[in-house]
Every structure is written in C-alpha cells, then in structure tokens.
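The lines below spell out each chain.
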Amino acid sequence: MPEKILEFKNIKKEFPGVKALDDVSMDFDKGEVVALLGENGAGKSTLMKVLSGAYTRDSGSVILGGKELPKQYTTLEARHFGVAIIYQELSLMMEMSVMENVYISHEPIKFAPAKLIDYKKMKEDTLVQLAKLNAQHIDPCKKVKELTLPEKQMVEIAKALAVDCKVLIMDEPTTSLTWEESEKLFTIIDTLRKQGITVIYISHRMNEIFQICDRAIVMRDGKYVGEINIADSTPDDLVQMMSGKVVDVDLTDKERGAKTSNVILELEHITDGGFIEDLNLKLYEGEVLGIGGLVGSKRTELARMICGADKLVGGTVKIKGKVCKIKDAKGAILNKIGYLSENRKEDGLSLGMSIEENTVHCDMGAVSTGGIINWKKVRGISDEYIRKLKTKGISATKVMNLSGGNQQKVAIAKWLHAGCDILIFDEPTRGIDVAAKAEIHQLIRDFAKEEGKAAIVISSEVNELTAVSDRVIIMSKGHITGELEGEDIMQNNILKYVTTKGR
Amino acid sequence: MEKVKKNFSLKRILSGGFGTVLMLIVLMLVFAVLSPTFFTSSNLTNVLIQSGTNAVISVGMTYVIISGNTDLSVGAILALSSCIGATTMVQTDNVILGVLCALGAGILLGAFNGFLIAYLKFQPFIVTLSTMWLFRGLAYLYTGGQAVTGLPEGITSMALGSILFIPNIVWIIAIVYAICYIVLNKTTMGRKVCAVGDNGESARLSGIGVKRVILGTFILSGFCSALSGVIYMGRLNSGQPIAGQSYEMYAIAAAVIGGASFTKGGIGSMGGTLVGAIFIAVLNNGLTILNVNTYWQQVCMGIVVLLAVGLDRFRKSVK
C-alpha cells in the first residue's frame, strides 16, 4: 500500500456568487504523477491555490504528510510545508542570479550575527539541486533573464527542490515549450517521481497526460467527478468524463473545401531582416489555412508583420489583388485584416474593462455616431457574442474576473466584430477546454465560409490544425517547409513536417 | 444569472464608489459641529470657489492618470500661461484676447509634454518633472520675476462675478466636468483613453491610435491648467509667475481620492475627482476656519490622502 502524502477532505471555497469548490475530497500517493483535469472554471486552479496558500479555504481540511495544515497560511509557509507550485507565468526575479532565485528567502548564512549571505555555499547547493534535474549546465551565477524558457523552468523546479518539496504542482508547464523541450521536461518529471516527489500535473494536452501520468483526476463545476488509472483507459474515456460531451473531431475530407481560384491575400518576398526571407504565400477566399510549426518557426512574427503589429521589413502584401501599405494595426484593420494575439493577457485584452467594451474595441466607429457611443447597441452586440460563443458572464462583467477560456472567447468576439475579411488567429484555443475548443473551431470555419472572407490559424497543437484547416502549411525557422491539402492533412503527416528542420 | 443580494452593510457602501462621498459628508459634519460658521451658505460658496482652480486642473490630470501617465507640470503651465495671458491683456487691453492667448499657451505647452511622451517615448514622470522646472523658469524669465499687474477690469468680474446668482467659477466647474464626463463615458475618444491606460499594447493592436490618445490627454491637461490659470489671474487681478506651486500634487490627490489609480491606468472617474477636489477644499477651508495653523494643515492633508489610498486598497480587497 503506497504512502499517502496529501489529502483534501471536504474542501469548500466560495466566491461572491460562485461555489468555486464544492465539497472536494481527493488524495495523492507519494511519488506519483497525477493529472488534474477539468474544463475552464472547473476548480482546478482554485484547489491548487488553496493548497499553495494563495487562497484560504472556507471549510474542510488539507492533510500533508500525515499532518493537518492550519486553516490559513502564506505561500511562503506552504513552501516550507513542502508544497511548491509552478505557474504558467514563471515567478522568478529576472534581474537576479539563478542561485539567488533558488535560495530566495532561505539563503545560506555565514557569520550568523551579521547574517551575511554565504554565496559560495549557495552556489554549491544550487549546483546540487540542478544536478538532480540533470541541468548542471546552467550557471548559478547567471542572471535569470539570460536563460532560455526551459532553463528558467528548471530553475523554478530547483527552487522547489531546495526547500525539500513533497508536492510539486505544475500548471500547464509545456504551453510555451517546443516538442523537444517538453520531452526533456517529461524525463525530469520521471526523475522527480523516482525521488518520491508527488507531481500534480495540470494540462489540457491528452497525449502528454497519457505519456507521463499514473492517474488522472477530473473535476467539473467545482466538484470532484472521478478518476482513472492511465494504464487502463483511453483519452476518449477521459474526455468524456471531463465534458460529458462529444469532442472535437477531425474534419472529414468532404467538409474540407477545395481551393477556390480567388486569391484574397498574397504575400510576396516577405522579409523580416532575420529568419524570414523571401517568403511567398497565397490565401484563398473561403478557406481556413492552418500554419503549423515549432516554437521559433517565426509564424507569429510573420503574422504580426502582415497585420502591422511589427514593422514589415521587406516585401509586399496584396489584399484582393491590391497592394496594401500597412503601417500599423490601425492600418491593417482599415484594410480589413486582423490579428488575434497569442497572449490575451499581455496584448490581447483590456482586462480591467468590461466584456462589452472589449468586444467593440476594434471597431468603435460601428457603434457610435459622431463619436458618441450608443451603449444600447454595444450591449446588444456583446450579448449576442456571449450567446454565440457561450461565454460565461454578462456584458458588464470585467474581463479580469473571467477564467482564461472565457477571456479568450471575448478576444475572439472582439475580432469577429472588427469587420475584417481576413483574420489571423494565433493559438486561438490556448488554455481552453476541449468542448469550448470545438465551438471556437466552428466559429472560425463559419467566419471563413462567409462571402469574401478567409482565415489563418496558427497552432502548435497538431490536432487543432487537422480539426479546423482546409489547407495546412508548415513553417520552420522562417521558411515554409511543407504544404498539405485534402486527405493528406493528418496528424502524422504534419508531425513529420514539423519535426523536419528548416534550411 | 444569479441574483446578487442587496446588502447595505458599511462594508458594501465603502466598497462602492460611494465611499468617497461618505468621507466627504463625514468631514463636513465634523466641521459643522466644530464651527458655527462652516455651514453658512456664504462659506460653502467660498469652498466651491476655493476648489475651483484645483478642480479644473484635476480634470486634465484625471485623463492623464487614466491613460496611465502623470503630469507634474500643471502648476508651472498654470503660471506661464496666465503670465502670457496677463501681459497680452495689459498690452492690448483686450480680456478675451488675453484669455485666448493663455488657453492657447496651455494647449501648446501640454502638446510639448505629450509629444515627448507619446512620440519620442520619454518617461512621463521625467518629462513633466523637467518641464515643471522649464515652464516655471520661463515664467520667471518672461516676467522678470515680478507679478504682471494693471489688468483690465473685465478679468476680475469674469472670475469673481456670477450669473443667475451662481458664481462664474461654479459655472466653469460644472461645464468643464459635464463635458469631460460625457467625453470620458459616452464617446469613443474617452473609451480609447481608458483602453490605452488599461492595456496600451492591446489597444495598439486593436487599431487605436495610442500616440494620438496620449498626446490628447496632455493637451487637455495643458488646457485645463491654463483655464485654471485664467481663474487664478482673475481672482488676484494679476499674472503671477509663482502661481500654482505644488498644484500638481493637489490635482493628483484629488484624482486619487476620487478613485483613480496612480499605478494602474484605466481607472478613474470625473465624479470621483470632483468629490476629491471638493474634499480637499473643504479640508483646507475647515481647518482655516478652526484656526489650525498651516503646519498642522499639511499634516492633516497627508493623513487624509493616506486614508483615501487605504480606502482604495480596502475596496480592492473586498472585491
């Protein structure tokens, strides 16, 4: 019988108007990797925040290593109990060195009366922690901002290990990693498991869960729904349990449209002065063009240049046969081409403003006369998108109070309202649950099938490309390395191209 | 949607926008109890008149703060533009022309700030700190450090007169606030200011002309400072190069007491700022009536702004 390391008993947490956690009980064994799944707003993050001390539970108990944790504790205390959490957005001090980050708030001390920091010991200890992760190549004296993203993640994990971590929570750790980097991370998770550390792994990516987890626990609407052993189940079982709905499936060949002859967007000799060189691409009316590739394939950079977010260094953009000189995002929208950013929080939404205001941000002219806004009209438009996209919230809700998936829906609504003919969706369903994904894919397809319109979808998820695209191109280091049409659009084919290196 | 229960607890009242108003009412009641002269109509009118210069400056300041910036040069703009207006009046004996020159100067000075910040990407704090000295210095140089006197009659009656028994200053405050309230809440221009302050990068990618919006807020701030300078000039019947010292701090305080966030853009309201400006005027007036010495008045001012910021933190924690 394996040793129980962590138990939740009847945890309740309520926010104004929402039961975020409703009598949740579950337990975790020592040295096991458990996937925690659920749609957006299912309560995973809330539960983890209760554990890590960011939230205080209303009732129920948390038992860690046989001892009940106090009702209220800080995140720092949680670290010392042996609970560490690694968020999607890493929480490291970028201007400080690796070792200072690893030993922050419990620095080794020499000459006790003066509390001088023993940097020599700190460096040695840091190397010991990094060695546990096979990451000795990271220089403990380097500033964190100089590291690559996976290296930063290593530092986060080392920081957790440095306080004798028993339970490590990872919240969507592979979102910004390339495929190879993810593989490396999985090896490390395996090492942690062997060292007896319990890893709670939050992710939406099925293949990852089936690759590294021992068990999966599903939550829905703030409740514990059930759990399965990974060894004796299939991804479909899990998805069914999560949503209770049918999932997003690949398009059939019949649904995939053939290329029309009308070129709606034509890129000629596009150059960014770096990786992208002499790139040519045509987008046809009525199609959804998927762009696959790894992180670093410069897909986003290409999209941002076309849509005026960044400077176009060289080449021409023709829209419906007309050469367009696009200086900035405003110019792009005037030319009816829009770009849905991959980072909704940084540059996609005004978080402090309401759903309705965000919805009309790209085209305030449409809801105003002589500069005076017609708020009734705004409300109407916003209500309609909320209904269409099944966004959870009302028009007046501030976007910052929505879950990630619902925020993404607001961002999509905003661009659908922008009145563009061509929309580029960059990672449109990042961090969104499976059921909502299918809805968003349908919206993108519906948009592209309207007269005189077309869409581009940039995605790192291969099954997203197969589910939404009429045609797929693969980019690698700024070059188009492959193109797939019709029945060739299969996950294996895309993966083959994606992993092929560019020139 | 679930119905939210109505709950009239103190917590709820303080957490809404009503908290500042409540604070103002409490403050007025305290003064009314302590001094019999406070609650007379003549004194209350006085308070409104005293709040005038600051209230008008605070309008521009609120826009600037909502767009995520700050303007430390408002007091200096007030001084320089009113001196320019005053000399014009003295030389031409034309009040209207003098007022227009002052307002024009304010717009240009504000545009100068805005241009450096929006188009050359200078730090707003540093730019306006520099122009605070620059404009102030120019005001001294321009007047030789002396007050500009001998203004035509009209300017005083313009600032101190009344229409329909209501002082002109109150009319000016009412009109400026009404227009700026409508612009902020009902027009695309105003919502763009909020959007830029809330998330500048998102606003840019949504096709909002971020640079123009920022330039606009600084022009408005310059204009409001100059308008305030005109009121000041009328009240003292002279153009003063030393006018408006540390007014930037009062304006920031009014906006912050009114709920604007100094660290995060996108938050703030005209109504809140007006209450904030009146609050400061009431405080100064009440303490003066009670014969509290000026040193203690400053101490009180400091405590009150801290309380207001504390209330703001409390509001957020309740949410």
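Here the structure is a predicted model, which is why all the values come from computation and not from measurement.

## Regarding the sheet that holds strand β9 (residues 167-171) of chain A
Residue and element names in this part refer to chain A.
Part 1: Reading across from one edge, β6-β9-β10-β3-β11-β12 is the order of the six strands in this open sheet, with mixed pairing throughout. Of all strands in the sheet, those bounded by a partner on one side alone are β6 (83-86) and β12 (223-229). Pairwise comparison of adjacent strand axes, ignoring direction, gives a mean angle of 20° for this sheet.
Part 2: With four bridges connecting them, strand β3 (residues 33-37) and strand β10 (residues 198-202) associate as parallel partners. Paired with V34 across the two strands is I200, which belongs to β10.

## Digging into helix α9 (residues 299-306) of chain A
Each α-helix winds once per 3.6 residues, and so residues spaced three or four apart point in a common direction.
Part 1: Extensive coverage of α9 of chain A is indicated by the burial of seven of its eight residues.
Part 2: Considered for burial, the residues of α9 of chain A that qualify are R299, T300, L302, A303, R304, M305 and I306 of chain A.

## A few points about unusual backbone geometry
Excluding glycine, a negative phi dihedral is what most residues carry, and trans is how most peptide bonds are arranged.
Part 1: For D278 of chain A, which is not glycine, the phi dihedral falls at a positive 50°.
Part 2: Structurally, D278 of chain A is set in the loop between β13 (263-271) and β14 (279-284).
Part 3: D278 of chain A sits in the exposed class, given 12 other C-beta atoms within 10 Å.
Part 4: Of note in the backbone geometry, N291 of chain B takes a positive phi value of approximately 60° without being a glycine.

## Some remarks on the confidence of the model for chain B
Residue and element names in this part refer to chain B.
Part 1: Per-chain confidence: chain B averages 87 in pLDDT, with 92% of residues scoring 70 or above.
Part 2: Confidence drops under pLDDT 50 across residues 1-8; counting only partners more than four residues distant or on other chains, this segment forms four contacts.
Part 3: For this predicted complex, the interface confidence score (ipTM) comes to 0.78, while the overall pTM stands at 0.75.

## Side note on helix α4 (residues 119-132) of chain A
Residue and element names in this part refer to chain A.
Part 1: Between its first and last C-alpha atoms α4 spans 20 Å; for 14 residues at 1.5 Å apiece the expected length is 20 Å, and the two agree.
Part 2: Along α4, the positions that sit buried rather than exposed are M122, T126, Q129 and L130. Buried residues along α4 cover an arc of 95° about the axis, so they all sit on one side. Projecting away from the buried face of α4 at angles above 90 degrees are the exposed residues K120 and A131.
Part 3: Positive backbone phi, at 55°, marks N134, one or two positions downstream of α4.

Criteria and thresholds
Residues numbered from 1 in each chain as written. Chains lettered and ligands numbered in written order. Predicted model: local features only at pLDDT ≥ 70, side-chain atom pairs only at ≥ 80, totals over all residues. Pairing = 2+ DSSP bridges. Helix = DSSP H or I, 4+ residues; strand = E, 2+ residues; numbered from the N terminus. Axes fitted to C-alpha atoms, helices over the stretch in contact; angles between N-to-C directions. Buried ≥ 20, exposed ≤ 12 C-beta atoms within 10 Å, placed from the backbone. pLDDT = per-residue confidence, 0-100. Contact = placed C-beta atoms within 7 Å. Expected span 1.5 Å × (residues − 1). Arc of directions from axis to C-beta.

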